[in-house]
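Close look at the chain arrangement
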Amino acid sequence: MKMNRREFIRISSMGLGGFALANPMMSWLADSAANSKLGTGFLSSRTPTYCEVCFWKCAGWVHKKEDGTIWKITGNENDPHCNGRLCPRGTGGVGMYYDEDRLKTPLIRRTKGGEQVFEKVSWDEALTFIAERMKAIAAEHGSETVLPFSRTDPVVNF
Ligand code: SF4
C-alpha cells in the first residue's frame, strides 16, 4: 500500500499516542516535551478551571497551545475530589468546548407562525424572563413554592 507523508505521520502519531497512553514514562516525556516548548506551536500556558459536567465540579487545568487553542484538560492535583485526575467526561471537555452546537448564548422558546422556535437572547433578557416567571408563580401559589437550587459540592452542601 502506498502511503503519502500526511498518512504516514497520522498513523505514526496514532501508534505513539497509544504507546504513550500505555506507558506512563512516555506520557511524562510527552508532557515534558510540551511543557518545555519543544516543537513549534505547542504548549504555552495553563489556566485553572473546573469541570461543569457533573456535581463534583472537579478542579483542573486547561493547557493551551501558543496559538490559543486548547490542547488538553487535566486534573488539579490540589483538588481533594479528583486528586489530579479527571474522568473521561472531564478530559473530553476539549471536544465539548469546540463542539459547533455548544450553546454560547441563552435561548428562549417561543411560538412563531404556529411553530416552536428557540430564539437567541441576551443574558439580561433571559434573567428578566426567568425572574418574571418566578415572581408570577410565587404570587399565585406562594413563595414557598419557589426553591432556588444549585447543586455544587455534595460534601459541603449535603
Ligand atoms: S471530571 Fe468527571 S467527575 Fe469530575 S466534575 Fe467532570 S464529569 Fe464530574
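Since this is a predicted model, take the numbers as computed values, not measurements. (Residues numbered from 1 in each chain as written. Predicted model: local features only at pLDDT ≥ 70, side-chain atom pairs only at ≥ 80, totals over all residues. Heavy atoms only, no water.)

As a further point, take the overall build of the chain. Within the chain one finds six helices and five strands. Going from the N terminus to the C terminus, the chain shows its helices and strands as α-α-β-β-β-α-α-β-β-α-α. By residue count, 18% of the 158 residues in the chain fall in the buried class. (Helix = DSSP H or I, 4+ residues; strand = E, 2+ residues; numbered from the N terminus. Buried < 20%, exposed > 50% of the residue type's maximum accessible area, 1.4 Å probe, protein only.)

In the sheet, strand S2 (residues 59-65) pairs with strand S3 (residues 70-75) via five bridges, with the strands oriented antiparallel. When the sheet's bridge partners are listed, His63 is paired in S3 with Lys72. The turn joining S2 and S3, which pair antiparallel and follow one another in sequence, is formed by four residues; a positive phi near 90° is taken by Gly68. (Pairing = 2+ DSSP bridges.)

Now for the site of the ligand. Residues in contact with the ligand, as listed here, are Cys51, Val53, Cys54, Trp56, Lys57, Cys58, Leu86, Cys87, Arg89 and Gly90. When its residues are assigned to classes, the shell around the ligand shows seven nonpolar, one polar and two charged. (Near = heavy atom within 4 Å. Nonpolar A, V, L, I, M, F, W, Y, C, P; charged D, E, K, R; others polar.)

With that settled, the discussion passes to the confidence of the model for the chain. Averaged over the chain, the pLDDT score is 78; the fraction of residues at 70 or greater is 68%. Residue range residues 154-158 is modelled with pLDDT below 50. Its contacts to residues more than four positions away, or to other chains, number eight contacts. (pLDDT = per-residue confidence, 0-100. Contact = heavy atoms within 4.5 Å.)

Moving on to the layout of surface pockets. It is the rolling of a water-molecule-sized probe over the atoms that shows where space remains empty. If you add up the space inside the second largest pocket, you get close to 350 Å³. Surrounding the second largest pocket, 18 residues form its lining, Thr49, Tyr50, Cys51, Ile73 and Gly93 being those nearest its centre. Elements supplying a minimum of two residues to the lining of the second largest pocket: strand S1 (43-50), S2, S3 and helix H4 (93-98). It is H4 that contributes the most residues to the lining of the second largest pocket, four residues altogether. Grouping the constituent residues of the lining of the second largest pocket by class yields 11 nonpolar, four polar and three charged. (1 Å grid on protein atoms, 1.4 Å probe; cavity = no way out; pocket = protein on both sides within 12 Å on 5 of 7 lines; lining within 4 Å. Points joined across faces, edges and corners; volume = space filled by probe spheres on them.)

Let's shift gears to the pairing of strand S5 (residues 115-120). Direction of pairing for strand S4 (residues 107-112) relative to S5: antiparallel, over a ladder of six bridges. Bridged to Arg110 within S5 is Val117. Linking two consecutive strands that pair antiparallel, namely S4 and S5, is a turn of two residues; a positive phi of about 60° is found at Gly113 within it.

All chains considered together, the criterion is met by four salt bridges. For the salt bridge of Glu119 with Lys112, the shortest nitrogen-to-oxygen distance reads 2.3 Å. When its relative accessible area of 46% is taken as the criterion, Lys112 is described as partly exposed. Several salt bridges share partner residues, and in doing so they unite Arg110, Lys112, Glu119 and Glu125 into one network. (Salt bridge = Lys/Arg side-chain N within 4 Å of Asp/Glu carboxyl O.)

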